[in-house]
Amino acid sequence: DPGADASLCGMAATGASGTNAVRYGTMRPNVLNLRVVLPDGRLLHTAGPGRQPRKRAAGYDLTSLFVGSEGTLGFLTQATLRLHPLPEATAATVASFPSVRAAVACTVQVLQATVPVARIEFLDEVMADACGRFSGMGLPAAATLLLELHGSRHSLAEQQQQTEEIVRQNGGSGLAWAEGLEERERLWSMRHNAWYAALALRPGCQGYSTDVCVPISRLPDVVVETKQDLQASSITGPMVGHVGDGNFHCLLIFNSQDPEEAQRIHAFTQRLGRRALAAGGTCTGEHGVGLGKRALLQEELGQEGLDTLRSIKAALDPHNLMNPGKVL
C-alpha cells in the first residue's frame, strides 16, 4: 500500500513501506531480485538473471544492499517482488482515545497479544481533526487509531473481539467495523490524504515531513515526548504513524520565508532523530537519509559503519556520479 505517487523501484530505492507493512513487511523483505544499471554502465541482476527464490544463502546479499541505497549506487530499473494472497475477509475500524499515550499503548498491547493486525495507523488529535475536516468524515479531535484486520471469516470474528477488548481497556471508543470495500476505501483515502490535510492547516505555507522508528516497547514514551516538544516549540506538526512498526511521522507546516521558524523546524528534526537514537531506534524508518540526516546517520552507525558505506560507494561509483552528496 504505497503512497499515491510512488513507483516500485522508487519504493525499493528508499527502502520504503506503507500501511500494510506491519503484517506483510517493508520493501526490503519483499524484493527478491533487482535489475540495476551500475555507474559504469554494466547491468547487474542482484540475485542473478531470472532468479526469484524465496530465500537464498549464495554470497553477499546484493539485493538488500541496493534496497534503501537512495540512488547512490546505481539505477534500479526492474524489481521482482514477493506477492501475498488477498485475504478472504477484511474489516477496518476507527477508535478514539483520551490521550496520545493511551492510543500508542493500545497499539503495543495489540501487538503483544499477537493479534495479526494488517494495518494499525496513528493520528494525533491535530491530525485527526485535520483529516476529518479535509475528507468530510468528521473525526473527533482526539488521538485516533485506524485498524484493519485480514483473515478467514471465522478468524476475523476472533480478532475483532480481541481488538475491541484491548481498545476498551485503554479508554478507546467509537468502534464500528467496516467490511464493505467502498466504506474501507473511504477510510483509507482519508488517511492517505493526511499530507494535504496537514497543508490545509496553514494555507500558503510549506510542508516538511520527517520520520523516525523506535522499538515498540519505547514507542509510547517517544511519541509523548515528541508531542510535548512540538507544543513547547510552537510548531504546527500533526503526527501520523505506522505505529505497528514503531514508525511515526511529523508533518511540519511552516513559513519558509521566516528564517526563525525554519530554524526551529530544523532544530526540532535533529532533536527528534536523536530522541529515536537514544531509545535504541533509527533516525529514519522509511523516508531515508538524503541530505538532511547525514549527521544523524554517523551518530547511528558510528565512524566504522560510515567508513564501510563509503568504501562500498567508492568501489561501485569511484567517480561519485550517483546522487553525489546524498547519504554520505
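Residues numbered from 1 in each chain as written. Predicted model: local features only at pLDDT ≥ 70, side-chain atom pairs only at ≥ 80, totals over all residues. Heavy atoms only, no water.

In the annotation of an unreviewed UniProt entry, the protein is listed under the name D-lactate dehydrogenase (cytochrome) and assigned to Struthidea cinerea. One UniProt comment on the protein, placed under Sequence similarities (unreviewed entry), says "Belongs to the FAD-binding oxidoreductase/transferase type 4 family." Word for word, the UniProt comment on the protein under Subcellular location (unreviewed entry) is "Mitochondrion". (UniProt positions renumbered as here; feature names shortened; annotations may be inferred.)

Caption draft 1: Broad picture of the overall build of the protein. Regarding its fold elements, the protein presents twelve helices and nine strands. Relative to the 2.2 N^0.38 estimate, which gives 20 Å for 328 residues, the radius of gyration of the protein is 21 Å and therefore close to what a compact globule would have. Viewed in the frame of its principal axes, the protein has a C-alpha envelope of about 55 × 55 × 35 Å. Looking at the 328 residues of the protein, the share that counts as buried comes to 47%. Counting only carbon and sulfur atoms, one obtains 53% of the accessible surface of the protein, whose full area is about 15,400 Å². Measuring between centres, the 29 positive side-chain charges of the protein sit 5 Å from its 32 negative side-chain charges. (Helix = DSSP H or I, 4+ residues; strand = E, 2+ residues; numbered from the N terminus. Rg over C-alpha atoms; globule rule 2.2 N^0.38 Å. Buried < 20%, exposed > 50% of the residue type's maximum accessible area, 1.4 Å probe, protein only. Areas by Shrake-Rupley, 256 points an atom, 1.4 Å probe, with all protein chains shown as cover. Lys, Arg positive; Asp, Glu negative; His and termini not counted. Charge placed at Lys NZ, Arg CZ, Asp CG, Glu CD.)

Caption draft 2: Summary view of the sheet that holds strand β3 (residues 75-81). Strands sit in the order β2-β1-β3 across an open sheet of three strands; the sheet is antiparallel. Edge positions in the open sheet fall to β2 (43-45) and β3, since each of these has one partner strand only. Neighbour-to-neighbour, the strand axes of the sheet open up by a mean angle of 15°, direction not taken into account. As judged from the six bridges shared by strand β1 (residues 31-37) and β3, these two strands associate in the antiparallel manner. Each bridged residue has a counterpart across the sheet, and for Leu34 the counterpart in β3 is Ala79. (Pairing = 2+ DSSP bridges. Axes fitted to C-alpha atoms, helices over the stretch in contact; angles between N-to-C directions.)

Caption draft 3: Local environment of the side chain of His249. Relative to the assigned elements, His249 resides in strand β9 (residues 247-254). Assessed through its relative accessible area of 4%, His249 is described here as buried. A distance of 3.2 Å separates polar atoms of two side chains, one belonging to His249 and the other to His287. Leaving out residues up to four positions away in the same chain, His249 has contacts with Ser209, Thr210, Asp211, Pro238, Met239, Val240, Gly241, His242, Glu286 and His287. (Polar contact = N/O pair within 3.5 Å; in protein donor to acceptor, adjacent residues only side chain to side chain. Contact = heavy atoms within 4.5 Å.)

Caption draft 4: View of the nonpolar core. Grouped together as the largest cluster of nonpolar side chains are 41 residues, with contacts concentrated most on Phe97, Phe122, Leu145, Val223, Phe248 and Cys250. Breaking this core down by element, the ones donating at least two residues are β4 (89-97), α5 (100-112), β5 (117-123), β6 (143-151), α7 (153-169), α10 (219-232), β9 and α11 (259-278). It is α5 that contributes the most residues to this core, six residues altogether. Dropping the residues within four chain positions of it, Cys250 is found in contact with Tyr208, Ser209, Thr210, Thr226, Leu230, Pro238, Met239, Phe268 and Leu272. Formed by 18 residues, the second largest nonpolar core is a distinct cluster that contains Ala92, Cys131, Trp188 and Ala198. (Core = buried A, V, L, I, M, F, W, Y, C linked by side-chain atoms within 4.5 Å.)

Caption draft 5: Structural view of helix α8 (residues 181-192). Over its twelve residues, α8 runs 16 Å from end to end, which matches the ideal 16 Å to within 8%, given 1.5 Å per residue. Looking only at α8, the buried set comprises Arg184, Leu187, Trp188, Met190 and Arg191. The arc enclosing the buried residues of α8, seen along the axis, measures out at 145°, which places them on a common side. Of the exposed residues in α8, the ones pointing more than 90 degrees away from its buried face are Leu181 and Glu182. Structurally, α8 contributes buried residues whose contacts are with β4, β5, α6 (125-135), β6, α9 (194-199) and β8 (239-242). (Expected span 1.5 Å × (residues − 1). Arc of directions from axis to C-beta.)

Caption draft 6: Fine view of unusual backbone geometry. Here Ser234, not a glycine, exhibits a phi torsion of approximately 55°, which is positive. Tracing the backbone through its elements, the reader meets Ser234 in the loop between α10 and β8. Taking the relative accessible area as the measure of exposure, Ser234 reaches 58% and is therefore exposed.

Caption draft 7: Structural context of the environment of Met11. Relative to the elements of secondary structure, Met11 occurs in helix α1 (residues 8-14). For Met11, a relative accessible area of 10% puts it in the buried group. A C-alpha to C-alpha distance of 6.9 Å links Met11 and Met27, two positions 16 residues apart in sequence.

Caption draft 8: Structural detail: the sheet that holds β5. In spatial order, the strands read β4-β6-β5-β8-β9-β7; together these six strands make up an open sheet with antiparallel pairing. Two strands lie at the open edges of the sheet, namely β4 and β7 (206-213), each paired on one side alone. In this sheet, adjacent strand axes meet at a mean angle of 15° when their direction is disregarded. Two elements, β4 and β6, share nine bridges in a ladder whose sense is antiparallel. Bridged to Thr90 within β6 is His150. Each of β5, β6, β8 and β9 touches α6; the most contacted strand, β5, lies at about 100° to it. Along the sheet, α10 contacts β5, β8 and β9; its crossing angle with β9, the most-contacted strand, is approximately 5°.

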